[in-house]
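So the chains spell out like this:
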Amino acid sequence: MNYYSSGEDTSHPQYKQSAFAKLLRIRIAVSRHLLRLGAITPILLVSGCQTAPSGLKIGTLLPITGDLSQFGSSMQDSASLLVKTVNSCGGVLNKPVQLISEDDQTNPSAGAAAMSKLAEVDRVAGVIGAAGSAVSSAAIDIAVRNQVVQISPSSTSPVFTERAKKGDFKGFWFRTAPPDTFQGQALAKLASAKGYKSVSVLAINNDYGKGLVQSFIPAFEAAGGKVVNKALPTYYPPQSATFDSEVSAAFRGNPNAVVLVAYPETGSIIVRTAYQQGLLGKQTQLLVTEGMKDPKIAQLAGKDTAGKFIVSGVIGTAPSTTGPAVKQFREVYQTTYNKRQPGVFDANTWDAGALLVLAAEAAKSTSGAEIKDKIPVVANPPGQEVTDVCQALALIRQGKEINYQGASGKVDFDAQGDVVGSYDVWTIDNNGQLKVTNTITVGGF
């Protein structure tokens, strides 16, 4: 497992997969086995595994490597900044918050293993992440089983809404980005507004890709459009390195547009492949989603023989970060990170961390089971509206109810742990710069 420095004390054993961590796993397993056999008493098991009471521990489960690494490092910086900010104003329950960081490698198996470590070895109360829906799907049952609150800044698959309605998550799941049921509608609105009548879909074959396609198709059809490969959508394997056949299939018949649901690394290869096949810059427009909304996407995809960026003119949608606290967050972020602009899900990451610490303070507990019940209390009305996390902590300590207003949005949660937001319409200009052109609002409670 790869680790990423959170800016905290990396010499602490919680930041490393040390021999101690491995020994602790073995000791727990052996102790449980002996307990079942009656060889030890329950009190010995407890005294062998528990540590002295400590402050709030939260984890991050983010893609520092892999296909989503362009987002993960910046998201990690946002989580670290949140913890440093909270600790600068007294921490939670008068103790510093500890941040324990794991790299999910944009890989479900690695993400599940990392969540197991965070929940069972590090004993965190909450986890910020994962980024990708497939990784969150692999991790969430582990979190629920261990009563760990999981708040994803960017896992947008509708699968989580469906499972939450069934009661699978027992209230331990939240996300600060709206589900793709809404983004599918926003994308359909955009395609219709552009006058596109026929569209093909090309998507990554995971929860994110399939969920967005399944929400886009009925929304586009309801607007009078036709998805030409509806019967057999084109999906590509996440680990592929070449996409010739998938690109040819998606562009077959010259539809008005191809909706590409991808991440930056594989998505940029797909765009280059379409260019090499002579399919770009003609009658078929490329429509993309937030998975491709990376400021470096033009550089990743490269230039054509005339020196023009291949992705120039691409149009996409992405959850908008237009929350009441966004200006304040950007100022703190840029001051801390040498004027660097926050990434697309950085504000969502900040809000995920803020909600965990505020809920812990409100619960007067570092237990995930108690924190989960307080997240809607500190996030939703009623309560005094507050954007500053330190001010919010101070109000809670004074016994007042708050309604946290985030950087990514108002972060009001419904019963499934979902928020409703607006979507930016964005493009890449001829200089390779990412520009937001307008906003589409969908969904509602």
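What you see is a predicted model; the values in this text were computed from it and never measured.

**Digging into the packing of aromatic side chains**
Per the counting criterion, the structure on display carries 11 aromatic pairs. Considering the side-chain rings of F71 and F345, the 6.3 Å spacing of their centres and the 80° angle between planes classify their relative orientation as edge-to-face. Note that F71 is positioned in helix α3 (residues 69-88) and F345 in the loop between α12 (326-336) and α13 (346-363), a separation of 274 residues in sequence. We classify F71 as buried; its relative accessible area is 8%. Residue F345 is classed as buried on the basis of its relative accessible area, which comes to 5%. Taking the centre distance of 5.7 Å and the plane angle of 55° together, the rings of F329 and Y333 count as tilted. Here F329 pairs with Y333, and both are found in helix α12, just 4 residues apart, close to one helical turn. With respect to class, F329 is no different from Y333; both count as buried. Grouped by ring-pair contacts, the aromatic residues F329, Y333, Y337 and W350 constitute a single cluster. Across from the ring centre of F309, 4.9 Å away, lies the NZ or CZ of K303, which sits over that ring. Across from the ring centre of F172, 5.3 Å away, lies the NZ or CZ of K372, which sits over that ring.

**Observations concerning the nonpolar core**
Counting residues in hydrophobic clusters, the biggest one holds 69 residues, and the most contacted among them are L56, V357, L358, I371, I375, V389 and I402. Top element by residues in this core is α13. It accounts for 10 residues. When neighbours within four sequence positions are excluded, V389 is seen to be in contact with L82, T85, V86, W350, A354, V357 and L358. Among the nonpolar cores identified, the runner-up in size contains 64 residues, and F243, A250, A262 and L287 belong to it.

**Remarks on the pattern of salt bridges**
Evaluation of the coordinates by the stated rule reveals 10 salt bridges. For D122, the salt bridge identified is with K117, shortest N-O distance 2.7 Å. Among the ionic pairs, R397 bridges to E361, the shortest N-O distance being 3.8 Å. In this pair, R397 is assigned in helix α15 (residues 389-397) and E361 in helix α13, connecting sequence segments 36 residues apart. In this structure R397 comes out as partly exposed when scored by relative accessible area, which is 36%.

**A short note on the environment of A164**
Take A164: it is sitting in helix α6 (residues 159-165). Among the residues examined, A164 registers a relative accessible area of 18% and is labelled buried. When the C-alpha positions of A164 and F174 are compared, they lie 9.6 Å apart, and in sequence the two are 10 residues distant. Among all residues touching A164, those that are not within four sequence positions of it are F169 and Q416.

**So, helix α4 (residues 108-121)**
The end-to-end C-alpha separation of α4 is 19 Å, in line with the 20 Å expected for 14 residues at 1.5 Å each. Taking the backbone nitrogen of S109 as reference, a side-chain oxygen 2.9 Å away marks N107 as the first, capping residue of α4. Where α4 terminates, the next one or two residues include R123, which has phi positive at roughly 60°.

**Focus: the layout of surface pockets**
Once rolled over the atoms, a probe with the size of a water molecule shows which space is left empty. Counted as a void, the second largest pocket has a volume near 790 Å³. P295, Q341, P342, G343 and V344 are the residues nearest the centre of the second largest pocket, which is lined by 27 residues in total. Of all the secondary structure elements, the ones that give two or more residues to the lining of the second largest pocket are α3, α12, α13 and β15 (434-441). No other element matches α3, which puts 5 residues into the lining of the second largest pocket.

What counts and how
Residues numbered from 1 in each chain as written. Predicted model: local features only at pLDDT ≥ 70, side-chain atom pairs only at ≥ 80, totals over all residues. Heavy atoms only, no water. Phe/Tyr/Trp six-rings, centres within 6.5 Å; stacked < 30°, edge-to-face > 60°. Helix = DSSP H or I, 4+ residues; strand = E, 2+ residues; numbered from the N terminus. Buried < 20%, exposed > 50% of the residue type's maximum accessible area, 1.4 Å probe, protein only. Lys NZ or Arg CZ within 6 Å of the ring centre and 35° of its normal. Core = buried A, V, L, I, M, F, W, Y, C linked by side-chain atoms within 4.5 Å. Contact = heavy atoms within 4.5 Å. Salt bridge = Lys/Arg side-chain N within 4 Å of Asp/Glu carboxyl O. Expected span 1.5 Å × (residues − 1). Polar contact = N/O pair within 3.5 Å; in protein donor to acceptor, adjacent residues only side chain to side chain. 1 Å grid on protein atoms, 1.4 Å probe; cavity = no way out; pocket = protein on both sides within 12 Å on 5 of 7 lines; lining within 4 Å. Points joined across faces, edges and corners; volume = space filled by probe spheres on them.

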